[in-house]
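Tertiary structure, described
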Amino acid sequence: MTTAILSALPEEQGSLMNALRAPERITHAGRTFWRGHLQGQPVVLALSGIGKVAAATTATVLADRLGVERIVFTGVAGGLGEGVQVGDVVVAGDFLQHDMDASPIFPRWELPGYGRARMSCDAALSAMLFEAANDYLVMDGGGFYPENSGVGHSHAARVHQGLIVSGDRFVSTSAESGALRQALAAAGHAVLAVEMEGAAVAQVCHDYGLPFAAVRTISDRADDSAHVDFPHFVTHVASRYADGIVHGL
Ligand code: ADE
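Rules and cut-offs
Residues numbered from 1 in each chain as written. Predicted model: local features only at pLDDT ≥ 70, side-chain atom pairs only at ≥ 80, totals over all residues. Heavy atoms only, no water. Helix = DSSP H or I, 4+ residues; strand = E, 2+ residues; numbered from the N terminus. Rg over C-alpha atoms; globule rule 2.2 N^0.38 Å. Buried < 20%, exposed > 50% of the residue type's maximum accessible area, 1.4 Å probe, protein only. Contact = heavy atoms within 4.5 Å. Areas by Shrake-Rupley, 256 points an atom, 1.4 Å probe, with all protein chains shown as cover. pLDDT = per-residue confidence, 0-100. Phe/Tyr/Trp six-rings, centres within 6.5 Å; stacked < 30°, edge-to-face > 60°. Core = buried A, V, L, I, M, F, W, Y, C linked by side-chain atoms within 4.5 Å. Pairing = 2+ DSSP bridges.

Next up on the list: the overall build of the chain. A tally of helices and strands in the chain yields seven helices and 10 strands. Taken over C-alpha atoms, the radius of gyration comes to 17 Å for the chain, in line with the 18 Å a tight globule of 249 residues would show. Projecting the C-alpha coordinates of the chain onto the three principal axes gives extents of approximately 50 × 45 × 30 Å. A buried classification covers 52% of the 249 residues belonging to the chain. Contacts spanning at least 24 positions in sequence make up 78% of the contacts within the chain whose residues lie at least 6 apart. When the accessible area of the chain is evaluated, it comes to approximately 10,400 Å², of which 53% is carbon and sulfur surface.

Spelled out as structure tokens, the structure:
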């Protein structure tokens, strides 16, 4: 069973690329895919690019041309839920496109043609990620977010599971993240985190009948300091989490 491991940015892949055994390079649709083995398991490593369309194209190539049998996304996200802090890990339960709005023809956030707003992740694969994330945080020294990271304060990192929303916006003001959280909550959607690719990959995986799961480490709070926290976290911390979590699979 070949697993594709996707990230948006190279920093989010950690040392997975270095750990890949017998790598074979495949190029298609302007993208580079690396087929090989990680811990004896067949995998394809790729970068999704940033945003929903780039991610959907990458996922489509993985499903339709490279014949992968499941897709795992590892990367960073902005924390939206109360208590979802920088350094915490969120395993996706399901995904929603927060910038999908065909109202009044369809209810806000509903995906036209699908009859629903949320796409759920594969339960078994997500459970494996959740366990791997917990094990990794324990192994990482009690799950304490490193004090010398320069981002916020040290705290005991937690693993959450639930709704992640995606859209073609880097959410970088408290006003926008607050409005998004409140609008979603008013419609019964308790959101944990925001990023820019997952919901697109979830929709492609749904269309192709592929299991999908995603793990995102919180790099910022999608607030007025997100533009400072995000690059710092991605450069100094994100890769460590990718290694630990995905190696635990
Ligand atoms: N990925 C990481 N942080 C994000 C944010 N604040 N908005 C969108 N995507 C993100």
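Quick look at the confidence of the model for the chain now. Chain-level pLDDT for the chain is 91 on average; 90% of the residues reach the 70-or-more range. When the criterion is pLDDT under 50, residues 146-151 qualifies, and its contacts beyond four places in sequence or with other chains add up to 10 contacts.

On the secondary structure map, Ser 48 appears in the loop between β4 (41-47) and α2 (52-64). Separated by 188 residues in the primary sequence, Ser 48 and His 236 place their C-alpha atoms 21 Å from one another. In contact with Ser 48, not counting residues within four places along its chain, are Leu 6, Ser 7, Ala 8, Arg 31, Ala 54, Ala 55, Thr 58, Phe 73 and Glu 197.

Turning our attention to the packing of aromatic side chains. Think of a pair of aromatic rings as described by two things: how far the centres are apart, and how the planes are tilted against each other in angle. The final tally for this structure, using the stated rule, is two aromatic pairs. The interplanar angle of 35° and the centroid separation of 5.8 Å between the aromatic rings of Phe 95 and Phe 212 together place this pair among those described as tilted. With Phe 95 in strand β6 (residues 89-97) and Phe 212 in strand β10 (residues 212-220), this pair connects stretches of sequence that are 117 residues apart. On the accessibility criterion, Phe 95 (1% relative accessible area) is buried.

Ranked by size, the top nonpolar core spans 44 residues in total, and within it Leu 62, Ile 71, Phe 95, Val 201 and Phe 212 carry the most contacts. Among the elements that take part in this core, helix α5 (residues 198-208) stands out by supplying six residues, more than any other. Those residues in contact with Leu 62, other than ones at most four positions away along the chain, are Ala 4, Leu 6, Phe 33, Val 44, Gly 67, Val 68 and Ile 71. One finds Leu 96, Trp 109, Ala 117 and Val 171 within the second-largest nonpolar core, a separate group that totals 12 residues.

Quick look at the pairing of strand β9 (residues 191-195) now. The two faces of the sheet receive side chains in turn, since in a regular strand these alternate between them. When you tally the buried positions in β9, you get five out of five residues, the bulk of the element. When strand β8 (residues 159-166) meets β9, the two strands line up parallel, connected through four bridges. Within β9, the residue paired with Ser 166 across the bridge is Glu 195.

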